[in-house]
Amino acid sequence: MIKRILREPLLHFLVLGILVFLAYDQLGGDAPPRPDEIIIDAARVEMLQNQFERTWQRPPTPSELVNVVDSWLRDEIFYREGLALGLDQGDPVVRRRVAQKMDFISEGLLVEPPDEPELQSWFEEHAERYRVDPVFTLQQVYFDPGRFDDEWAGAVAAARAALASSAEPEAVSSALLPANLTDASAREVSRLFGPDFANALADAPVGRWHGPVQSGYGVHLVRVEKRIPGRVPTLAEVRNEVERDLLAQRRETANDSLYESLKSRYTVRYEDVAAPDRSGPEPTSSP
């Protein structure tokens, strides 16, 4: 029971809030400033100076620093006066920004680091995510269909005969397409020639010319010099990536649990509109 309580996301959220309060108490003095009091301390000036340096890639001059501080002070006064007038209410930009800050805080929820059996179990369940692509070393000869029209089949046959006798085939080179690739992954081959071309290499013979092979550009003769099959790596090879992904999944789960815990504190009423039907499939996320 105690262990389950310690894993409760809402408890983690409250602990984070207490830590933030304690840090403020240590750094900000015994009492919070009055609503009509604005404190510009060394930490604030340093933060503004660092922002200037990140933007302009140099430290501000003394007069520039004065202007930066004055600009911040002007924004702070207008911000407080705007809050007093309720200008933050009903503003979708402000609403979204505050929600994003809450989301950022919730992403800092502490999650229990996985042990070795948990890592192994996650890895086995998501092994395809970490699959290593096949690797190819190859040569290719490109034939432009626009040049050969309906005679490209004869041109390919003539090129194969020329290649067999170590002669130069009649083909059209392209500045976009390399004639040779060395230790190129299937993903790289697909990026250069298209997925159909990359998929055809899986069954191409090694050490001799093969084709015609279709691509998005035309047709090719291909000689695969070396092919290293794709494989699923061992956990030891991708341990850092697996641990990162598992922790990210746990944070997402904790974040969702926190949201449900917070949501349970509210009564949500739909007025003059039908409540959404949540019995169907989950909607896809918008990009």
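Going by the structure above, here's the rest.
One structure accompanies this document, and this report is about it. Once a new chain begins, its residue numbering starts again from 1 and follows that chain's sequence as written. Whole-chain, interface and lining totals are the exception, using all residues; otherwise, since this is a predicted model, local features are given only for residues with pLDDT of at least 70 and side-chain atom pairs are given and counted only at 80 or more. The side-chain numbers reported here are obtained from all heavy atoms of the structure, hydrogens and water having been left aside.

### So, the overall build of the chain
Numbered from the N terminus, helices here are DSSP runs of H or I no shorter than four residues, and strands are runs of E no shorter than two. Looking only at helices and strands, one finds eleven helices and four strands in the chain. The 287 residues of the chain split such that 25% are buried. Buried, partly exposed and exposed residues are distinguished by accessible area as a fraction of the type maximum, computed with a 1.4 Å probe on protein chains only: under 20%, between the cut-offs, and over 50%, respectively.

### Quick notes on a nonpolar patch on the surface
A contiguous nonpolar patch, built from Val94, Val98, Met102, Phe104 and Ile105 and spanning about 450 Å² of accessible area, is present on the exposed surface. Take valine 98: it is sitting in helix α5 (residues 92–107). Exposure remark for valine 98: the relative accessible area of 49% places this residue in the partly exposed category. The patches reported here contain residues having more than 30% relative accessible area and no salt bridge. Joining distances are 9 Å for like charges and 5 Å for nonpolar side chains (Val, Leu, Ile, Met, Phe, Trp, Tyr). All accessibility values rest on the Shrake-Rupley procedure with a 1.4 Å probe; residue burial counts only the protein chains present in the view. Any Lys or Arg side-chain nitrogen found within 4 Å of a carboxyl oxygen on Asp or Glu counts as a salt bridge.

### Quick notes on the pattern of salt bridges
Tallying each qualifying case throughout the model produces 13 salt bridges. Glutamate 225 is the partner of arginine 223 in a salt bridge, and the nearest nitrogen-oxygen pair spans 2.8 Å. With a relative accessible area of 24%, arginine 223 lands in the partly exposed category. The network of salt bridges with common partners includes Glu116, Arg239 and Glu243.

### Some thoughts on the nonpolar core
Working definition of a nonpolar core: buried Ala, Val, Leu, Ile, Met, Phe, Trp, Tyr and Cys residues. They are joined through side-chain atoms within 4.5 Å. Ranked by internal contacts, the top residues of the largest apolar core, which has 17 residues, are Phe136, Leu181, Val189, Phe193, Phe197, Leu201 and Val222. Broken down by secondary-structure element, the contributors of at least two residues to this core are β1 (135–143), β2 (180–185), α9 (186–193), α10 (195–200) and β4 (219–228). The element best represented in this core is α9, accounting for four residues. Ignoring anything within four residues of it in the chain, the contact list for phenylalanine 136 reads Leu181, Thr182, Asp183, Ala184, Ala186, Val189, Leu201, Val224, Lys226 and Arg227. Among the nonpolar cores identified, the runner-up in size contains nine residues, and Phe143, Ala155, Leu163 and Leu221 belong to it. Here, two residues are considered to be in contact whenever any of their heavy atoms come within 4.5 Å of each other.

### Quick notes on unusual backbone geometry
Looking along the chain, the bond that leaves glycine 211 and enters proline 212 is cis, with omega of 10°. Mapped onto the secondary structure, proline 212 falls in strand β3 (residues 209–214). Backbone geometry at glutamine 57 places phi at a positive 60°, although glycine is not the residue there. Mapping glutamine 57 onto the fold places it in the loop between α3 (42–56) and α4 (62–84). Using a relative accessible area of 66% as the deciding quantity, one classes glutamine 57 as exposed. Although it is not a glycine, aspartate 183 sits at a positive phi angle of roughly 50°. Under the relative-accessibility criterion, aspartate 183 is labelled partly exposed at 45%.

### Here's the deal with the side chain of glutamate 76
Position of glutamate 76 relative to the elements: it lies in helix α4. The buried category is assigned to glutamate 76, whose relative accessible area is 18%.

### Concerning the packing of α3 against α4
Two numbers describe a pair of packed helices, the interaxial angle and the distance between the axes. The convention used is that axes are lines fitted to C-alpha atoms, helices contributing only their stretch in contact, and that angles between N-to-C directions extend from 0 to 180 degrees. Their axes nearest at 10 Å, the elements α3 and α4 cross at an angle of 110°. Taken together, the axes of α3 and α4 lie roughly perpendicular to each other. In this structure, α3 meets α4 at a crossing whose hand is right-handed. Between α3 and α4, the contacting residues are Arg44, Val45, Leu48, Gln49 and Phe52 on the first element and Glu64, Leu65, Val68, Val69 and Trp72 on the second. The class makeup of the residues in the contact of α3 with α4 is seven nonpolar, one polar and two charged. Throughout, the term roughly parallel applies to angles under 35 degrees, roughly antiparallel to angles over 145, roughly perpendicular to angles from 65 to 115, and oblique to all others. Should the near helix be turned anticlockwise from the far one by less than a right angle, the crossing is left-handed, and should it be turned clockwise, the crossing is right-handed. When residues are grouped by polarity, Ala, Val, Leu, Ile, Met, Phe, Trp, Tyr, Cys and Pro land in nonpolar, Asp, Glu, Lys and Arg in charged, and all others, Gly among them, in polar.

### Quick look at the packing of aromatic side chains
Any Phe, Tyr or Trp ring, taking Trp's six-membered ring, that has another such ring centre within 6.5 Å forms a pair; planes under 30 degrees apart are called stacked, those over 60 apart edge-to-face, and the others tilted. In total, this model carries three aromatic pairs according to the counting rule given. Relative to tryptophan 56, the ring of phenylalanine 52 has its centre 6.3 Å away and its plane inclined at 40°; by these criteria the two rings are tilted. Highlighted residues: phenylalanine 52 and tryptophan 56, both in helix α3, separated by four residues, approximately one helical turn. By relative accessible area, which is 11% here, phenylalanine 52 ends up buried. Taking 4.4 Å as the distance between ring centres and 20° as the angle between the ring planes, the aromatic pair formed by phenylalanine 193 and phenylalanine 197 counts as stacked. Both residues of the pair, phenylalanine 193 and phenylalanine 197, belong to the buried class.

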